[in-house]
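Read off the chains here:
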Amino acid sequence: EDNLTSAEWLVKTWKLDVGVAEEAGAIIDILMRDYVAGWYGALSTDPDFTNAVQDIMVYAIGALLVHVRGEFNLIEFILHKGTLLLRHHLSLYSKARARAEVK
């Protein structure tokens, strides 16, 4: 979601408790900083890929946390949102790879 932190998105989308969302958001931010932004920044300055990875991480962690609460619909995730997110990720990966090969 545009202009929302990971924690805010978790609260808005998944209706998580603010404290839980802030902790999960902090983990997402650390993973993005330490494991995604560093290597991807060497390939491209285009934020689409890192934004998509963050969206996927927020969605997956939110779904996991809601599942723990007993409200997650796994079939809907796999058949609808999961496939859409995977398709988007693969598209962005292909674009990034093409850019890296050109350089």
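Residues numbered from 1 in each chain as written. Predicted model: local features only at pLDDT ≥ 70, side-chain atom pairs only at ≥ 80, totals over all residues. Heavy atoms only, no water.

Caption draft 1: Expanded view of unusual backbone geometry. Despite not being glycine, K15 has its phi angle at roughly 60°, a positive value. Here K15 is to be found in the loop between helix 1 (6-14) and helix 2 (18-41). (Helix = DSSP H or I, 4+ residues; strand = E, 2+ residues; numbered from the N terminus.)

Caption draft 2: How the structure looks around the packing of helix 1 against helix 3 (residues 48-69). Close contact between helix 1 and helix 3 brings their axes to 10 Å; oriented N to C, the two are set at 50°. With respect to helix 3, the axis of helix 1 lies oblique. In the crossing of helix 1 with helix 3, the sense of the turn from one axis to the other is right-handed. Contact residues: S6, W9, L10 and W14 in helix 1; Q54, D55, V58, Y59, G62, A63, V66 and R69 in helix 3. Its residues assigned to classes, the contact of helix 1 with helix 3 comprises seven nonpolar, three polar and two charged. (Axes fitted to C-alpha atoms, helices over the stretch in contact; angles between N-to-C directions. Parallel < 35°, antiparallel > 145°, perpendicular 65-115°, else oblique. Left-handed = near helix turned anticlockwise from the far one by under 90°. Contact = heavy atoms within 4.5 Å. Nonpolar A, V, L, I, M, F, W, Y, C, P; charged D, E, K, R; others polar.)

Caption draft 3: Highlighting the nonpolar core. If you look at the biggest cluster of nonpolar residues, it comprises 21 residues, and the most contacted ones within it are L10, W14, L16, I28, M32, F49 and V53. Counting only elements with at least two residues in this core, the list comes to helix 1, helix 2, helix 3 and helix 4 (74-102). Counting residues per element, this core draws most heavily on helix 3, at eight residues. In this structure L16 touches L10, V11, A21, L65, V66 and R69, once residues within four positions along its chain are discounted. (Core = buried A, V, L, I, M, F, W, Y, C linked by side-chain atoms within 4.5 Å. Buried < 20%, exposed > 50% of the residue type's maximum accessible area, 1.4 Å probe, protein only.)

Caption draft 4: Structural context of the environment of T5. Residue position: T5 is located in the segment before helix 1. Between the C-alpha atom of T5 and that of E22, which follows or precedes it by 17 residues, the distance is 9.3 Å.

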